[in-house]
Structure formats: C-alpha cells, structure tokens
Amino acid sequence: MIQDPRRMTTFNPNDIPSRFDFAEAQNRIFKMWESGGYFEGNPESKKPPYTVVIPPPNVTGALHLGHALNNTLQDTLIRMKRMQGFNTLWMPGTDHAGIATQAVVERRLKEDEGKTRHDLGREALVARIWNWKEQYEARILGQLKQIGSSCDWNRTRFTLDEVCGRAVRHTFFDLFQKSLIYRGKRLVNWDTYLQTTVSDDEVFSKTVKGQFWHFKYAVVDPKPGEPEYVIVATTRPETMLGDTAVAVHPEPDRALDRVASELREKLKKSSDSEKASVEAQLEALAARRELMLPKLEQLRDMASDGRKLSLPLMDREIPLVCDVWAKPELGAGCVKITPAHDPNDYEVAKRCDLPMINIMNRDGTLNVETGVYSGLTMKQARKKVVEDLDALQLLDTVEDREIELPQSDRSKTAIEPYLADQWFVAMSELSQSAIDAVVEDKVSITPKRYERGYLDWLGEKRDWPVSRQLWWGHQIPVWTKTCESEAEVQPLIDAIHSLSGFDETAAAVQLEPCEETDSDKRTKLELPFASVHVCVQSGCEDFENALEEMGLTREEDVLDTWFSSALWPHSTLGWPEQTPELACFYPTSTLITSRDIISLWVARMVLMGLNNCGEVPFEKVYIHPKIQDGFGETMSKSKGNGIDPLDVIAKFGADALRFGMAHLCTETQDVRLPVQFECPHCQHSFDQTKKNRILPKVTCPGCKKEFSTQWAESEEDKALEKGAVISERFETARNFVNKLWNASRFAMLNLEGYEASPISEEDLTVEDRWMLSRLTTVSGNVTAYLEDFKYADATRELYEFAWHQFCSFYVEMLKDRFADESKRPHAQRMLAYSLDCLLRLLHPVMPFITEEIWQNLAQVCPERGWSEVATANRCIIDAAWPELKPVWRDLAIENQFSLYQAALSDLREIRNSQNIGNKKKVKFSIKCAADIGEQLQPLGSYFSRMANAELVALGPAAVAPETSATRTTAEMEIYVDLDGLIDIKAEVKRLEKEKVNLEKSISSKQRQLSNEKFVAAKPDLANEIRTSLAQAESQLATISDSLQKITAKL
RNA sequence: GGGCGUUUAGCUCAGUUGGCUAGAGCAUCUCGUUUACACCGAGAGGGUCGGGGGUUCGAGUCCCUCAACGCCCA
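Rules used throughout
Residues numbered from 1 in each chain as written. Chains lettered and ligands numbered in written order. Predicted model: local features only at pLDDT ≥ 70, side-chain atom pairs only at ≥ 80, totals over all residues. Heavy atoms only, no water. Helix = DSSP H or I, 4+ residues; strand = E, 2+ residues; numbered from the N terminus. Buried < 20%, exposed > 50% of the residue type's maximum accessible area, 1.4 Å probe, protein only. Contact = heavy atoms within 4.5 Å. Areas by Shrake-Rupley, 256 points an atom, 1.4 Å probe, with all protein chains shown as cover. Lys, Arg positive; Asp, Glu negative; His and termini not counted. Charge placed at Lys NZ, Arg CZ, Asp CG, Glu CD. Axes fitted to C-alpha atoms, helices over the stretch in contact; angles between N-to-C directions. Parallel < 35°, antiparallel > 145°, perpendicular 65-115°, else oblique. Left-handed = near helix turned anticlockwise from the far one by under 90°. Nonpolar A, V, L, I, M, F, W, Y, C, P; charged D, E, K, R; others polar. 1 Å grid on protein atoms, 1.4 Å probe; cavity = no way out; pocket = protein on both sides within 12 Å on 5 of 7 lines; lining within 4 Å. Points joined across faces, edges and corners; volume = space filled by probe spheres on them. Salt bridge = Lys/Arg side-chain N within 4 Å of Asp/Glu carboxyl O. Near = heavy atom within 4 Å. Polar contact = N/O pair within 3.5 Å; in protein donor to acceptor, adjacent residues only side chain to side chain. Expected span 1.5 Å × (residues − 1). Phe/Tyr/Trp six-rings, centres within 6.5 Å; stacked < 30°, edge-to-face > 60°. Lys NZ or Arg CZ within 6 Å of the ring centre and 35° of its normal. Pairing = 2+ DSSP bridges.

Draft legend 1. Local environment of the overall build of chain A. Secondary structure summary: chain A contains 33 helices and 39 strands in total. Principal-axis analysis of the C-alpha atoms places the extent of chain A at approximately 115 × 75 × 65 Å. Split into buried and exposed, the 1050 residues of chain A put 53% on the buried side. Long-range pairs, those at least 24 residues apart, make up 77% of the contacts in chain A with a sequence separation of at least 6. Taken as a whole, chain A presents about 47200 Å² of accessible surface, with 48% of it coming from carbon and sulfur. In chain A, 128 side chains carry a positive charge and 160 a negative one; their mean positions are 6 Å apart.

Okay, structure coming up:
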C-alpha cells in the first residue's frame, strides 16, 4: 500500500477499474498540466524553440470534426517536440471572421426581433457581436481543451483584440506609406442583402434555368445598304438600362479562323463518341462563316466609322465599338456593354474608354439613372424592361438556357457586380516575395502537390480588395476630405502637416484624383478635383480628433478579415513591439491547416510576414485531408451530417477521438467517415441516411423509441431526448485505449515488490531481446513518421506493436516468468522499462491515458531505467522522448522470434480446425534442421501457455506420431499428436487445400526460374526464389506424405 | 474549360524503388468466460486491385485511353 499524493488516498493496484474512466480523468489531468505550467513557452529558455500557431477558428459557431482533426495533428506534433526537449509554444486564438460573424448575428437579430442592423446602429450592433463572440469563443476554447490541446492558453489571442489591432494598424500604415495600399473604383461583388462587398472567395455560382433574350437596337441614320437594327442578346435584360456601347469584333474573319482551328485541334484529340459532335460544330461554323462574315465585316466597318445606336427606353445614343470580347461565332456577333455591372464589360470599357453608368442603389434597387425604372428591384425591372421592349417591337427572340448565377456564400442571395470605391493592396511585389519563399524552399509545403496552386494563385498578382462595408472588423484608419478644386489641395495638405502631432511616423498622406466618368458628369455640375487621404498610426487619438475638426471624416469600412489573419504568426507574438516572444518564437516552425485556405491565408501570411518581419512566418506547411461523411459529402451542420467532437469525446473519450483522427490522416486522400445516429434511450447506433439526417425526430430501429435531432423545432419534438451524431469508426481506437489500460493494469498488478536496479544484459532472454529490438525499430519509425507528418503510419505502427507484439506476446510470456521467483525481479524491470517506453511513444497521440498510467506506474515503480536507474519524471507530458540504442535492433533475434510465432500459429490453427477444446492439452513435435531447433529451444516452453501444447520432440530426429495433424512452414514440419482426437475429414480437407496452394506457388516459382531473361537480370532474386522453391517442394512432399497416410485411415 | 486527387474484401483504408500465395481494422462465420482486458482470445471465409490497351521476363504499382466520383481555380 502506497500513499498517493495526488488523491490523498491509498494506491492499491487491485482497485484499478478494468476500464479507463476517461470522463473523470480528462478534466483532472488537463487541470494538472495547465496549473503545472507545462503548456507555457518560455522566451527566456535556452532550449531550441519550436512554435506552432493555431489556425484560429472562426467565432461563428462551434467546432466540428475538421477542427478536431486539425488540432489533434498540431497537438501531437507539439507534444512530441516538447518531449524531444524543445522550448515549445503552441499559440492559440480565434478569428473574428468579419462578414461571417456579422451575418450570423444580423440573421438572429432579424429572426428574434425583426430588426436590421440599421435599426440598432453601429455601436449597438458591434456590442452585440462582441457578446456573441464571448459566448462562442468560450465554447470553442473549451472544446479545444477537451480535445487535449496543449496550447499556451495564457497567450490566447483574438484577431480583433488590442494586440492584433495594433499590428493591423501598423501594417496598414506601412503599406499606405509605401503606396502599396490605394483607393480606387472597381467592379466588386456586391451582396445586396448584407450591403457589402464580398470577396471572390465568398462567391459561389449556381446553375439555374434562365432565358437568353435578343433585343433590337436601332442604328442611328443608317447609310444605304446598312442594317436598320443590330441584335444583341443577354441573360439580364434589365442591365440594358446601363448600356454604354455595343461591341463587334475588330477582325471577324480571323476570329472565326481561330475558333475553327481550335475545333480541329479538339477533333484530333477527341474520342470516337465525341467526334461526330465536333465535326457538326465545324460544319456549322463553316456555314456561318459563309452566311455571316459579310455582315460582321460590315458591322466592324460601321463601328470604325463611328456609327451610333439608339438605346431603347433610355433615349440615349451609344457607340458601336470594336473589341475582341465580341464573339463572331455566337448569335448576331454583337454584344451589349454594361461596364458598371459586368466584369467583362468593365474590361471592355477600360480598353475602349467608355463611360460607366451605375444603375443600382446599395440595396439592389435601381437608382435615378434609370428614370422611370428607378426604385424597382432587379426582378421587377427585368419584367418591365422586357414588356416595354416588346411593346416597342424591339424584342426579337427568347431562348431557354442554363445560366450561371453568382451567389453570396454569406447571405445566399444573388451577387450583383457593382462599381464602388474600395481600398486595395497592390500585390505585385508582395506576391513575388511569397513566390520566391516557396521556390527557394524557405517555406516547404507538404504534400508537395499543393505548391502548384499556391504559386499559380500568387502568380496572378491580382490586387487585393481589402475594404468591407461592415461594422465588425478593423475599421480602416484613414481620414478623408474631398477637395472641390485644385486650389484647395495644397493648403489642406499644408494644414495637415502643420497639425500638432504630425510626423512621418504617425501620419501619411495620399492624394486620389477623382476619375471622370460619364455618370459623374451628368449628375453633378462640378466634379470634385481630388480626395486627400490621411492614414494615421495607432495611439494618435489627439491627431485624429484634430483631423476631424478640420473636416476630414474617417473611412467607415472595415478590413477584410484575412488582413488580420495574414499577420497572425507575428501579431500574436506582439509585433510591432520587438518582444522577447517575437525574438524567440518567430519564425514559427510548422503550420498545419486545410487546403481550402492555402491561397486565402497561407500565401498571405507568407507575404505579410516577409513584409513586416523580413522573414518567412513558418518553415513548414502541412496540409491535412478533409473529412467527408459516408456519402463523400463534406460535413456541415446545415446538412445535418456534422459530428460534434464533444459527442465523440463523451462516447469514446478524447484519446480515442485523437487516435481515430490521426489514424485517418493518410497522405493521398480525403477520408470518409460514415455517420451514425446514437439512440439516447438504448445507445443503439445506426447509419445516417440522406433522408433521416434532415428530420426533426427519428425512430430508433432498435428500441422503436423516438428521439430528437438538431432540427427539432416544435415543442413536442424538443421534448424528446436528443440523439447524438457520432461515428463508429472511433470504436477501434476506443478498444485500443481499453487494451492499453488493461495491459498497464496487468503491469501494476504484477509489479508488487518491484525493486529498482539497472538491467543486467546477462539476464536478457530471447523474448527480452526481441522486445528491445522491436521497441527500437518502432520508436525510430514513429519519430520519423511524425516528423514527416505521416500520422496514419505512426498510429498503425503503434497499434500493431502495442497490441500484437507487446500485449499478445511479450506480456503473455512474462506471465510464466513472474511465476518463477528467480526470474521475477528481472522480468519486472523489463516490464516497467518497456511499458515506460511505450507510454512515451503513445503520449503525443493519446495524452490522457498515457499520463494516467504514467502516474499510476510511479506508484509501484517510481524509479526506472536501463543502465542507470532514476526517478521518473512527475508527468509524462515533459518526459524525454524515447531514444533507444540502435544496437538493440537485431534482425537475427526478430527472425528467431518469428520462427516461434509461425509454429504457434500453426498449432493454433490445428486446434481450431480439429476442434480441440482449450482445456485439452496436446503433444506435438517439430521436425527441422539442427540450427532451427537450437533457435526454437529457448522459446519451447511458451507453447504450453500460448497454445496449451507440449513440445515433445524438436530437431532433425523428430518423427510424426502415428495419428497426427501436419503443418509445414518454410523451415519446419509440425506434427500434433491426435491419438483419439482426430477429425480425419477435416484434416484431409485442410491438407488438400494446403497442397493446392503449394502447387500453385511452386509452379509460379518454376515459371519464373525458367525465364532466362529474369534469371540473368536479377540473379540475387532468382537465388532467393530457388531457395524458397526448394522449401516449398519439401513442404509439398511432407504434406503429400501426410495426406496419403491419413487418407488410408478413412 | 483548366488543374489536382481518388477508384484495391460488404464498409473504411494500407500497399516503398515494378518481384514469392495482395494486407489491416470493422462487419460476417466457427470455437472459447485459461484471473489484465468480451471494449477480450484463437481461427476461418471473403479481392479477375474501376474497364480496355501498352511497356516489361514480370504490372495493384509505370505509360496511354475510357468511365465514375471528389475538390480547387475560371
């Protein structure tokens, strides 16, 4: 009986339950680690640093299994590094997730109170979002801790907190000063519901049924021979109100030639099934060329001649222009140009210097530019425009057609291309730096195939629109005043410069000339000359106030959420302050994330890290798989197939969740995780289907009772108990936890009387040496696998070793030795030593159970070791990572042991096929070469425990008993004496099968050896095959002989 | 349309540079409560490696092609 200081109770191995009470242990152990300061990175430490920054989860909601995977992998890595003696820091935090969070809170506001954000006002809405954030952040951090994440929680950051805010402002100021940030009018994706710009990444396109409308635009004063109308086609008739031109192709003949030659290329490559269709297209094109080319050339000439068209409904003359955007192979070959509402038309307008007319208000209704259509929604306007054109007999034809409609991922409403003032980051130089970092291998991406997407995306060097018309985010630190005339500009700038507090480190000035657009000219008599923008550093409130007194107003927009995320690796360490943390932990070591944000986040972190700190933010990036459900669909709450990690933890435990996650994490592919409902009444689990996963309540097929799901809304449904959504795939891991727990329980029960002492090499038995050899190999492999992010390989190796080698063989064999007083002390030391190593190897993946066992082990054998005995670390979390002596790796011993394993497995198979009860002891002989006999000799006694079989003869002289079952391996013949027991038919059947197998194998080997080219090319391999052929032939002879004998008894 | 990935046992996945009878877990079947563990132990059955073609002495593995599925970018 030993006092246990942790529990202030008496530790008795007999009291250890046969199952690990993970629910109780997890919280207790996590608190112990946290209060012990084990998670803390120390910037003063002399140890080499190892840093990981968490991909900050969005505060929009709870974590899902993808997060569980992501954080398991990070924690596994950081725990191994901690044990390897690094000064580790895993930096935690959450992301404010701008539009996503604001959209969630706004939706709730609308649903619960019927209010919009404008009813509430900026300050009140932001306060509400902060409230939401506090709630969800607490939940998210709680989830991360439940998973076991060993982050340095005292350093938890939030992308919108003061420290990150300072970094954002500093960065913005720096880029502004370098003129890498500028303001301009651009066509943006406008979400009319949220009334904000959304980035390209937040837009997805949906294919819907629509129409393709053809209109006639009259030619103004056509010359003789010229058409009276041109026909244009569109899927969006209402946009014609903003048309400022119609384009035709400048070289229709060459354009048609190019299309034709592309088709011919395609024809060469296409399969038989496709050929007919491509040929038909070519013919149609040729016919079209015949028919249309003169007309297209005429239109081109009209355009060059400056001919104008009359835009119906608007009474506006618009030019006919030449531009390559027009497609001579389609329709009438003319395309209407709406620069302010279509990305392609916008480009045309820039090339042809066309006016741009904005016809939309921010809420998606039409503005005053559209005259009588003003105030209508797009949908209403479409109907009216079509009707009005029809009434004027300008509607030509209408075709049905599938169209791609851009949708906002945030509001799920249609996106309108919209011309707006936006702030941009110029990407040319910044992108190049991030490209170079990867090309020069300063940042390595694993798996390597993801490099390409990263490089391609950065290679486009598209400027980054960073302003968002939101209230939740970092407000852009720019104050602006518009100057009506040139004369005002310099005095204003002078005045700003002479303000108290102005200096170049605190404020920067940009002048933005106003772009002339046709629209501006017509709506305002006098065009303002320019805008003066002043960007202000943080901590200059007085200066800001002074600017406002001068009549400058602060930009209302906030920054894209990725702007602050891009700074995460250095902002969290305190940059721009030169903190000890920054000096110690930057650049960080490894980033572990998912592939969908390689460009959005990873690439931007690299370029911002280089810009701000002059060094890459991390050396390695590991991209992990994505988790899908059993149908290959991504998991999400909105589909009903999302699994809450906490449900998995509640049912299987955090270690099982983690082991299961790591076990799934293979390099090549995404993983499918079939999803089940678990009945809260009878714990029966059954597969989710696409049908039942969207129901508010489900009937359990086991107990026939109903339970509710996440969709329950009615009072009646909500009153039902809620069923969890889980996956049975974690059972394997849970069973493994149990196995480990019981193996260690066995150890505690048998370590009574343990006396610490160095292990004497003389006392090592064959099985000890085998265990040491395996342990050495496994620890080397696991280390290498984890360093290379091969999590699945590492867990497979550990599972196989712990279960099928350590438990099934080594522990079983120890039982005999524990029974022998003289062998007991050495056996105990070996058990303590090998279990100790195994626990360390498993700790990164399964931290809780290994810590619990470690501390229990300390109760029975606090002092352990090999050649030197020392008191084990108090906690396994910072125990040293196992480094075993390479000389222990002994293939000869492993081969010797596998002889025993092969014989054992044949014995067991005979017992089973002959249906011999466990309690019936059998006698058997092994006929083999003398050296094989010598190798088996020391292990011979273990056949008794492991197969209830007594080895009566071993070696070349052994003979088959009169009535026996026979098995052969490459090196041995095994005869089990079955006098009075034998099931002859079963044995005949078994032997015949074996005979067929051997014959198959022999003929395949003979075929190979008779192949002269093979023997010449691979002599070594041929020799091996010769040896194994001889063995197989000898086996066949034995089997045939036995078969003959036994058949005679039938 | 472009790029990447996947297709191996009923399910989820391994399978190094081509080389002996293609492996594991779960599920199925048989036997078993031998005191660490029934969340256990022993054993068995189950695969023309998506289809076709090629290179090779030899292809799950390399090449071409067709098909299906998934993801990313336009």
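Draft legend 2. Seen up close, the packing of helix α11 (residues 428–439) against helix α12 (residues 450–460). Where α11 contacts α12, the two axes come as close as 9 Å, and the packing angle between them is 155°. With respect to their mutual orientation, α11 and α12 come out roughly antiparallel. The two elements α11 and α12 meet at a crossing, and its hand is left-handed. Each of S431, A434, I435, V438 and V439 in α11 lies in contact with α12, whose residues at this interface are E451, Y454, L455, L458 and G459. Taken together, the residues of the contact of α11 with α12 sort by class into seven nonpolar, two polar and one charged.

Draft legend 3. Expanded view of empty space enclosed by the protein. One pass over the structure, following the stated rule, counts three cavities of 30 Å³ or more. In this structure, the largest cavity occupies an estimated 90 Å³ of space. What lines the largest cavity is simply A960, P961, E962, T963, S964, T966, Y975, I982, S1042, K1045, I1046 and K1049. At the level of elements, β38 (964–968) and α33 (1019–1048) are the ones that each hand at least two residues to the lining of the largest cavity. Sorting elements by how many residues they give to the lining of the largest cavity places α33 first, with three residues.

Draft legend 4. Seen up close, the pattern of salt bridges. All told, the structure shown has 55 salt bridges when counted by the stated rule. In this structure, the salt-bridge partner of E555 is R183, at a minimum N-O distance of 3.5 Å. Separated by 372 residues along the polypeptide, E555 in the loop between β23 (553–554) and β24 (558–559) and R183 in strand β7 (residues 181–191) bring together distant segments of the chain. For E555, a relative accessible area of 11% puts it in the buried group. A relative accessible area of 21% means that R183 is categorised as partly exposed. Here E440 makes a salt bridge to K442, at a shortest N to O gap of 2.9 Å.

Draft legend 5. Seen up close, the protein's contact with RNA strand B. Around RNA strand B sit 43 residues, and of these R729, N738, W803, K993 and N1011 come closest. Among the atoms of RNA strand B close to the protein, meaning within 4 Å, 66% are from sugar or phosphate groups. The separation between a base nitrogen of RNA strand B and a polar side-chain atom of R19 is 2.6 Å. A distance of 3.2 Å separates a sugar or linking oxygen of RNA strand B from a polar side-chain atom of Q628. Contributing elements (two or more residues each) for the surface near RNA strand B: β28 (671–673), α23 (731–750), α25 (791–818), α28 (891–913), α31 (984–1009), α32 (1012–1017) and α33.

Draft legend 6. Local environment of helix α6 (residues 162–177). Here α6 is 16 residues long and its end C-alpha atoms lie 22 Å apart, about the 22 Å a rise of 1.5 Å per residue gives. S179 sits one or two positions beyond α6 and adopts a positive phi of about 60°.

Draft legend 7. Just the packing of aromatic side chains, in detail. One pass over the structure, following the stated rule, counts 40 aromatic pairs. Centroid distance W464 to F563: 5.9 Å. Interplanar angle 35°. Geometry classified as tilted. Of this pair, W464 sits in strand β18 (residues 464–465) while F563 sits in helix α16 (residues 561–565), and the two are 99 residues apart along the sequence. Looking at W464, the relative accessible area reads 2%, which means it is buried. Taking the centre distance of 5.0 Å and the plane angle of 50° together, the rings of Y833 and W866 count as tilted. Residue Y833 is found in helix α26 (residues 824–842), and its partner W866 is found in the loop between β34 (863–865) and β35 (869–871); the two are separated by 33 residues along the sequence. Here a set of aromatic residues connected by ring pairs shows up, and it is made of W770, F809, F897, Y900, F924 and F943. Stacked on the ring of Y229, the Lys or Arg K216 has its end atom at 5.4 Å from the ring centre.

Draft legend 8. Expanded view of the sheet that holds strand β36 (residues 922–928). Spatially, the four strands line up as an open sheet ordered β37-β36-β39-β38, and their pairing is mixed. Every interior strand has two partners, whereas the edge strands, β37 (949–954) and β38, have only one. Direction aside, the axes of adjacent strands within the sheet are offset by 25° on average. Two elements, β38 and strand β39 (residues 972–977), share five bridges in a ladder whose sense is antiparallel.

Draft legend 9. Spotlight on the sheet that holds strand β30 (residues 685–687). The antiparallel open sheet is built from three strands, whose spatial order is β30-β29-β33. Two strands bound the open sheet, and with one partner strand each, they are β30 and β33 (724–726). For this sheet, the mean inter-axis angle between neighbouring strands, taken without regard to orientation, is 30°. In this structure, strand β29 (residues 676–678) lies alongside β33, joined through three bridges in antiparallel fashion. Note that in β33 the partner of F677 across the bridge is V725.

Draft legend 10. Main features of unusual backbone geometry. In this structure, P447 follows T446 across a cis peptide bond, with omega equal to -10°. Structurally, the position occupied by P447 is in the loop between β17 (444–446) and α12. Positioned with a positive phi, D441 is a non-glycine residue whose angle comes to about 65°. With respect to the helices and strands, D441 occurs in the loop between α11 and β17. Even without a glycine there, the phi angle at Q683 is positive, about 65°. In this structure Q683 comes out as partly exposed when scored by relative accessible area, which is 47%.

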